[in-house]
Number of protein chains: 4
Amino acid sequence: MTITIGVIGAGRIGRAHIEAMHLGVPGVRVGAVCGRSGDKAKTLAEEYGIASYTNDYRDVLRDPAIQAVAVCSHTESHVAIVTEAARAGKHIFCEKPLALTLDEVDKALSAVDAAGVMFMLGFNHRYDAGNMRIRRAVASGEIGTPEMVFITNRDPELQDIEYLRHSGGIFVDTVSHDFDLSRYLLDDEPEEIYARGECNVDPAVASFGDYDTVMAMARFRNGALVHYNASRRAMYGYDQRVEVFGSLGRIETRNLPEDNTVLATADGYRRPPDRHFFMERYAAAYREEGRVFAQCLKDNRPPPSGGGDGRMAMLMGMAALRSARENRTVRMDEVG
Amino acid sequence: MTITIGVIGAGRIGRAHIEAMHLGVPGVRVGAVCGRSGDKAKTLAEEYGIASYTNDYRDVLRDPAIQAVAVCSHTESHVAIVTEAARAGKHIFCEKPLALTLDEVDKALSAVDAAGVMFMLGFNHRYDAGNMRIRRAVASGEIGTPEMVFITNRDPELQDIEYLRHSGGIFVDTVSHDFDLSRYLLDDEPEEIYARGECNVDPAVASFGDYDTVMAMARFRNGALVHYNASRRAMYGYDQRVEVFGSLGRIETRNLPEDNTVLATADGYRRPPDRHFFMERYAAAYREEGRVFAQCLKDNRPPPSGGGDGRMAMLMGMAALRSARENRTVRMDEVG
Amino acid sequence: MTITIGVIGAGRIGRAHIEAMHLGVPGVRVGAVCGRSGDKAKTLAEEYGIASYTNDYRDVLRDPAIQAVAVCSHTESHVAIVTEAARAGKHIFCEKPLALTLDEVDKALSAVDAAGVMFMLGFNHRYDAGNMRIRRAVASGEIGTPEMVFITNRDPELQDIEYLRHSGGIFVDTVSHDFDLSRYLLDDEPEEIYARGECNVDPAVASFGDYDTVMAMARFRNGALVHYNASRRAMYGYDQRVEVFGSLGRIETRNLPEDNTVLATADGYRRPPDRHFFMERYAAAYREEGRVFAQCLKDNRPPPSGGGDGRMAMLMGMAALRSARENRTVRMDEVG
Amino acid sequence: MTITIGVIGAGRIGRAHIEAMHLGVPGVRVGAVCGRSGDKAKTLAEEYGIASYTNDYRDVLRDPAIQAVAVCSHTESHVAIVTEAARAGKHIFCEKPLALTLDEVDKALSAVDAAGVMFMLGFNHRYDAGNMRIRRAVASGEIGTPEMVFITNRDPELQDIEYLRHSGGIFVDTVSHDFDLSRYLLDDEPEEIYARGECNVDPAVASFGDYDTVMAMARFRNGALVHYNASRRAMYGYDQRVEVFGSLGRIETRNLPEDNTVLATADGYRRPPDRHFFMERYAAAYREEGRVFAQCLKDNRPPPSGGGDGRMAMLMGMAALRSARENRTVRMDEVG
C-alpha cells in the first residue's frame, strides 16, 4: 500500500522535499501540495504529476488520503500547522525551527505527543554527507574517543535586518544548527556553555540585543570540549566546516567550492569561492532529509531527529545568549 | 506554447534527461516516455506526471503532440531511431555515440540533413561545470593563448568483456570524449595524431585488436599540443581530469571525491576515492545537457554539439587507432 | 667591524642558531660555542670554523671579543645565564621560556633593564613564514578588520611525564606560544580569558594539577575573539594551524606534510602525516629567528619580541589556568 | 680516518654542496674550496672553517690531502676538470650536465674509466624527497605494476637567450632531467621516443633550431608509456610534477608553494605561486645529493647516478630532437 504525503509550502525547500519524498522511496508518494498563494503549488503538481494542489493547508489536513505532511512553510506558521496536523492524526515532518520560543515549542510538541503521531524536525546539517561520515567515524571508533569538536558556521552575507529582528537571535536562528550537530556527532549531551558575542557587521543588529559574530564553548557530559563560531558575513562564501579530534586522529569536512577548477596565474593558485548559501550548499542534504522521512514512514520507525532535539537546540541557544550577556559559564540546568 | 519531448529509453540516463527536460526549462515538457520492455516507462510516467508511456518507440514518433525526441536507448538502436525520427520530422537529441562506424554515422546524419530537423549529440563531458569553466577561461583569454592540453580519462574498472568487444575500441568508445573535449576547449581542429596502446588489464582485450591502456598526442592547427591518456581500470575511482596550459597560466579540474571529508590518523591524511563512475561523476552534466537541449528547442537555435562533432570525434578515434597500429603520426586528412 | 656572538647550548636549537647567526648576516659571526659537557661544542666549532669552544658558559661571558650571547641551554639555566650575561654587558637572545614563574621572569628582566642591553626572546612561531604572511595580511588590511582568530597547537605525542611535571603546565609551556602569537598577529592586547581543561591522554598529568587537552577563548581590546586549542597527543603528527577571519575574508596556514606526494589506491587518496615535531616543523623559523637577532644586533635596533612579550604570555597562561580551575572568565588585570 | 673533499665552484650550488658534504656525514669533510675569481671561495672557507681556498682548481687537484672533488663550476669547464681530476686519481662528483655533446661526454667518461675513480653525476631531481618517495612506491609494488608515467617540467620564465643558444637545446638541457627521472622511477630503459616542439615564447629560440614548448612520449621495454611536457615559461612559477599510474593506484608529487597559507576573499581561495626556481624548489634535493656523494665515498660504494645515466639522458634528448624534426617515432638504437 502506498503512503501518501502532503507537502505544505511550495518554495525551494518544498520543491526539494517533493523530489525526495515523491521520487526517493518506493511505496511513498506525494499526493497533495499547498502553496500560500498564486500558482506555485499548481506548477509543482503538474511537473511531478501530483494529484491535488491547494492554497489552503487545511484542505491537505482534511484529506483522508493523506497520512503525513511535510511542513515547509514560513516559520511563523509552523506551530499552528503542526498542532492542527497532529490533531488531524497526520504524521509530521517540520522544517527547522519549530518555533522561536520555548513555550510555543512545548505547545506544539504536546499536541504531537497527545496525538501519538510521528514527528521529525528538519535539522538539515545532520543529513549532509560529510557530517554523516563524521558521525560514522566517531560512532565506529575510527578516530578513537572524541575529545574536541570545532564547528564553523558563517553566512555569506547579512540577511535582511527585518528578518534578523524576528529570527530569534543568532544563537537560536543559526548556531542552533551547530548545537544540534554537536549532540548528533557526539551522541552526548552538553553540561554547560560559555559564549561571547560582538556586533561587527551592522550596528543595527545590536539595537535588538543580537550579535553578528559569536564564539561559544561547551563541555559535554563525557568530557568533550566543543567550540562553535559563527558570523553573519563571510566575504568568500558560505563557510561550513566541522572537525572532530579524537584519541586516534581527526576527521573534518572541507567546504564545497562552486566548481572543481583551480586556476594558476602570476597571482598564484585560485579556487572559486564556497557555494553561496544554504540551498546550493545543502541541496543534497535537503533531499536526503526528505528521503529519510519517507523511509521512516514506510518502515514505521522513529525519525532520527525529533521534537526533543529541537527543544534541546533551543535550550542551548538560550544558555549561550545568557552566557554572552552575563559573561559567565551557564549550566544547562539553569535554562531547562 | 509548450514544446513537448518524447524520451526514448527509461534507464538511468533517460531518467536524468526527463528531470532536466521536464523540469528544467519553462515551456518545455516531456510528454511521452518509452522503455524497451517492462514497467520502467510506466513508473517514470507516474512519478513525473508524464501523459503517455509505451514500450514501442514508434508510438512516440507517430505522436503528433511530440515535437522532439531524446534518444537514450542502447547504442545499436541509435541509427534506426534517429533516422526514423528525422523522417517523422522530430527534432533529435541523441546520446553518444551515434554509431560505431563512419558509414552508419553518415547514414543517420544524412537523414537528419534531409529532414532539416535540429540534431544534438550528447557529449556529456562538455556540460560538466569544470570543463565549461575551462572553456570560458580559454575563450576569454584568462590564461592567454592555449599552448598545451592534458586530458586524463580512466574508468574505475574494466567493463564486461562482451560490452568491450562491441564498443568500437577504446579510442572510439572512450577517448572520443576527450578528442571532442579538446576540440571544444580549444575551438580548433586537429591536424595530426600519434598514439600508442597496451594491454595491461586483461589480455582478452587484445584478442579483438583493442587496447586497455593508451596515450595519444595531437597537434592542432593553431599549434597547441594535446596529450590524452586513458585506462580501463583505475583502482582509486573514475579519474577525470583536464588541464590547459597557456601563455598567462593554467587551469585544471580536480576530481570529485565521494564526500568532502579528510581523515587524519597515524597513517597520514586520507580523502575518499573519486566518485565511482559516470552517473555519479557526471550526474549534473547529464542534467545540464538535457537542459541545454530543451533551451535550444525553446529558443530555436542550433545546439552546441551536433552531428559534425560526433563525426569528427570518430575520425580522431580512427586516426589514433591507425597510429597505434602502425606506430607513426597519422594526419587527419588520411582518415577523413 | 664584525659583531661576534657566543652561543650557549650545543643541542639541536643551538646548531640551528649557529647556522643562522654565523652564516645568515654579513658582519655578524659566531665566535664561541658552549656545551654543557662532552664534545658537542668542539664538534660544532670545528664544523663551522668557530674560534673557541668551552663547557663553561662563564668563559663566554668573560670573553671581551663577544658582544652578544644566544642562550639555547636548558630552561632551568636561563635565568642565571641571562642575569649574568646582562651584568657582563652582553646583548642577549634567549630561547623561550625565560623562566617558569613570574618572579624569576621579573628578576631576569630587571637585570637586563639595569644593564641596558638588548634582549630578544625566542618565540619561534612568530618567525614561521606562514605566520609572518598572516601578520602582513592583517596589518595591510588585506582581510579587513580582524574579527576572529583560531589557533591549533597539538603535539604529536605526550612528552616524558617528568618533563611535563616541571614544564609549568600546558598553558604556560605550550599554549603560551599561541597566546603570544595572537598578540603578534592582532597587534593588540587581551582583556579577558576563559579556559577549560581535561586529562584525556594520561591521568598522571592530573596528579600535578595539569591538563593535556585544553580550549580557551580570549577577548581582545579591539573586540577580536580568539580561540585556542591544544592537545599533548595528535596521532597524525604535529598539528599547527592558524586562521584569522576578518571583514574582507580569511587567511589560514596549512600543516606541512612530511613530503609533497599524494597516493591514490582503492582506499582513497593519502597524504603523509604532518611533520613530526618542532625541529622538523619549525626548522626554517628557528633559522629566521637567529637571522633576525643577528640583523638587529648589526642595525642596533630593538628586536621584534622582547622580555615584555614573554611576561605577557606568562600572564595569559596564568589567567587561563585560573579560569580553567575556577570555571569563570578571568580579566587580565586580575593576574597582572 | 676523515675523507676530504675539494669543492670546485663557489656559487649557490657550491655552497649547498659544502653544507651537505661538510656537515652532513660524520667522517667526511670539505678541505678546500675553489672559486673562479674574487673572494667567494675565501668567504665560504671562513664561514665553514675550511682549511684552504683558491682561485685555481688545479691547486685542489694537486692537493694530496684531497681524495675527492665536487665539480660545481660552469658547464663548459666540466669536461676539462673531470678529465684532469680523474687523471689526478680523485673521486668525482659533477653537476649535470657533464657536457653538451656525446663526444665530449664519452671523452670525459673514458678518462674516468681509465683512472678507476668513483664518478657521480648530479641529477638533482632524483634526490627530491617526493621523487624518492615515488621510486619507493614503484619499487615496493605499492601501486602495482607501473603502466603510465607523466612528468611536467616548466621553467618560470625564459632564461637569457644567449644562455639558451648554448644550452644544447630544450631536450638536452631541460627534459634530460625528466628522461633520467623516468629511467630512475621505472628502473627500466626506453625503446623509442616520439616528440613535438613549438616556439611559443620567443621566436628567437627558433633561430637556432630550438623549441620552447615540447611534448614527448616514450615506450619503455616493460611496456610502460611515459609522457613528458616542458615549457620555458610558466607564469605561476616553477612547475615540477610527476605522476606514476600503476595497476593498484597512482602516486604523484604536488608543487611546493612559496608558503603554506591560503587566503579567501570575495575572489575565492588563493594559494601563493610555486617556489620560483631551481635553487628554491630543489634546495633540499641539492643537499641530499651532496650527502649521498659523501656517504658513498665513506662507504666505498658506487653512487646511484653515474656517467652511464648522463650518457643515456643525452641519447634520449638526441632521439627526441630527431623525432620532433622528422615527425616520426625514433628508436633508441638509432641514436646510440
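Above this text is the structure in question.
The rules behind the values
Residues numbered from 1 in each chain as written. Chains lettered and ligands numbered in written order. Predicted model: local features only at pLDDT ≥ 70, side-chain atom pairs only at ≥ 80, totals over all residues. Heavy atoms only, no water. Helix = DSSP H or I, 4+ residues; strand = E, 2+ residues; numbered from the N terminus. Rg over C-alpha atoms; globule rule 2.2 N^0.38 Å. Buried < 20%, exposed > 50% of the residue type's maximum accessible area, 1.4 Å probe, protein only. Areas by Shrake-Rupley, 256 points an atom, 1.4 Å probe, with all protein chains shown as cover. Pairing = 2+ DSSP bridges. Axes fitted to C-alpha atoms, helices over the stretch in contact; angles between N-to-C directions. Contact = heavy atoms within 4.5 Å. Buried area = accessible area lost by both parts, 1.4 Å probe. Salt bridge = Lys/Arg side-chain N within 4 Å of Asp/Glu carboxyl O. Polar contact = N/O pair within 3.5 Å; in protein donor to acceptor, adjacent residues only side chain to side chain. Nonpolar A, V, L, I, M, F, W, Y, C, P; charged D, E, K, R; others polar. Disulfide = S-S within 2.5 Å. Least-squares fit on C-alpha atoms with pLDDT ≥ 70 in both. Phe/Tyr/Trp six-rings, centres within 6.5 Å; stacked < 30°, edge-to-face > 60°. Lys NZ or Arg CZ within 6 Å of the ring centre and 35° of its normal.

## Focus on the overall build of chain A
Helix and strand content of chain A: 14 helices and 15 strands. Its C-alpha atoms give chain A a radius of gyration of 20 Å, within 12% of the compact-globule value 20 Å for 336 residues. A principal-axis box enclosing the C-alpha atoms of chain A has dimensions of 55 × 55 × 45 Å. Here chain A holds 336 residues, and 63% of them are scored as buried. A total of about 11,900 Å² of accessible surface is found on chain A, and carbon and sulfur atoms cover 48% of it.

## Points about the sheet that holds strand β4 (residues 68–71) of chain A
Residues and elements named next belong to chain A. Ordered in space as β3-β2-β1-β4-β5-β6, the six strands form an open sheet in which the pairing is parallel. Bordering the open sheet on either side are β3 (52–54) and β6 (119–122), each of which pairs with just one other strand. Averaged over all adjacent pairs, the angle separating strand axes in this sheet is 20°, with direction ignored. Direction of pairing for strand β5 (residues 91–95) relative to β6: parallel, over a ladder of four bridges. Considered in β6, the bridge of Glu95 is made with Gly122. The sheet strands contacting helix α2 (residues 40–48) are β2 (28–34) and β3, and the helix crosses β3 at an angle near 170°.

## Here we look at the interface of chain C and chain A
Taken together, the contacts link 41 residues of chain C with 41 residues of chain A. The largest contributions to the chain C side of the interface with chain A come from C:Tyr194, C:Met215 and C:Met217, which together make up 18% of the buried area. The tally of links between chain C and chain A comes to 12 salt bridges. In this structure, A:Arg233 engages C:Glu147 in a salt bridge whose closest nitrogen and oxygen atoms are separated by 2.8 Å. The interface formed by chain C and chain A contains 21 residue pairs in polar contact (both at pLDDT 80 or more). At the level of secondary structure, the elements contributing two or more residues to the side of chain C that touches chain A comprise β7 (146–154), β8 (190–198), β9 (213–220), β10 (225–231), β11 (239–246) and β12 (249–253) of chain C.

## Considering the interface of chain B and chain A
Contact residues are listed per partner, giving 33 residues for chain B and 33 residues for chain A. Of the roughly 2,600 Å² buried at the junction of chain B and chain A (both faces included), carbon and sulfur atoms supply 49%. Where chain B touches chain A, the interface holds zero salt bridges. Applying the counting rule to chain B against chain A returns 12 residue pairs in polar contact (both at pLDDT 80 or more). Elements supplying a minimum of two residues to the side of chain B that touches chain A: α1 (12–23), α2 (40–48), α6 (129–139), β12 (249–253), β13 (261–265) and β14 (268–271) of chain B. Among the residues making up the side of chain B that touches chain A, the classes are represented as 13 nonpolar, eight polar and 12 charged.

## Describing the state of the cysteines
Working definition: the covalent bond between the sulfur atoms of two cysteines is a disulfide. A full pass over the atoms with the stated rule returns zero disulfides over all chains. Free of any disulfide, D:Cys94 has its nearest cysteine sulfur in D:Cys72, 8.3 Å distant.

## Examining the relation of the copies chain B and chain A
Between chain B and chain A, the superposition needs a rotation of 180° and an axial shift of 0.0 Å, giving an RMSD of 0.1 Å. Read as a symmetry element, the transformation amounts to a two-fold axis. Closest approach to the rotation axis among the C-alpha atoms of chain B is made by B:Gly49, whose C-alpha sits 1.7 Å away. A shared interface surface links the copies, since 100% of the contact residues of chain B are contact residues in chain A too.

## What about unusual backbone geometry?
Here the bond from B:Lys96 into B:Pro97 is cis, since omega is -5°, no more than 30 degrees from zero. In this fold, B:Pro97 is placed in the loop between β5 (91–95) and α5 (102–115). We note that D:Asp187 has phi near 50°; this positive angle belongs to a residue other than glycine. D:Asp187 sits in the exposed class, given a relative accessible area of 63%. Even without a glycine there, the phi angle at D:Asn327 is positive, about 50°. Positionally, D:Asn327 belongs in the loop between α13 (307–326) and β15 (330–331). The partly exposed category is assigned to D:Asn327, whose relative accessible area is 24%.

## Some thoughts on the relation of the copies chain C and chain A
Between chain C and chain A, which share one sequence, the superposing operator has a rotation angle of 180° and an axial displacement of 0.0 Å; the RMSD is 0.1 Å. A share of 100% of interface residues in chain C that are also interface residues in chain A marks the association as one of identical surfaces.

## Section: the packing of aromatic side chains
The final tally for this structure, using the stated rule, is 28 aromatic pairs over all chains. Summarising the aromatic geometry, the rings of A:Tyr238 and A:Tyr282 are spaced 6.1 Å apart at their centres and angled 85° between planes, so their arrangement reads as edge-to-face. In this pair, A:Tyr238 sits in the loop between β10 (225–231) and β11 (239–246) while A:Tyr282 sits in the loop between α11 (278–281) and α12 (283–299), placing the two residues 44 residues apart along the sequence. Of the two residues examined, A:Tyr238 and A:Tyr282, each falls in the buried class. Consider the rings of C:Phe171 and C:Tyr211, whose centres lie 6.2 Å apart with planes at 70°: the pair is edge-to-face. Separated by 40 residues along the polypeptide, C:Phe171 in helix α8 (residues 170–173) and C:Tyr211 in the loop between α10 (204–207) and β9 bring together distant segments of the chain. Linked through ring pairs, A:Tyr236, C:Phe245 and D:Tyr269 together constitute an aromatic cluster. Note that C:Arg271 overlies the ring of B:Tyr269, its terminal NZ or CZ placed 4.8 Å from the centroid. Positioned over the ring face of C:Tyr282 is C:Arg281, at 4.5 Å from the centre of the ring.

## Topic: the sheet that holds strand β4 (residues 68–71) of chain C
Residues and elements named next belong to chain C. Spatially, six strands are ordered β3-β2-β1-β4-β5-β6 in an open sheet, and the strand pairing comes out parallel. Looking at strand neighbours, the two that pair on one side only are β3 (52–54) and β6 (119–122), the edges of this open sheet. Here the average twist between neighbouring strands, direction ignored, is 20°. One ladder, built from three bridges, connects strand β2 (residues 28–34) with β3; its direction is parallel.

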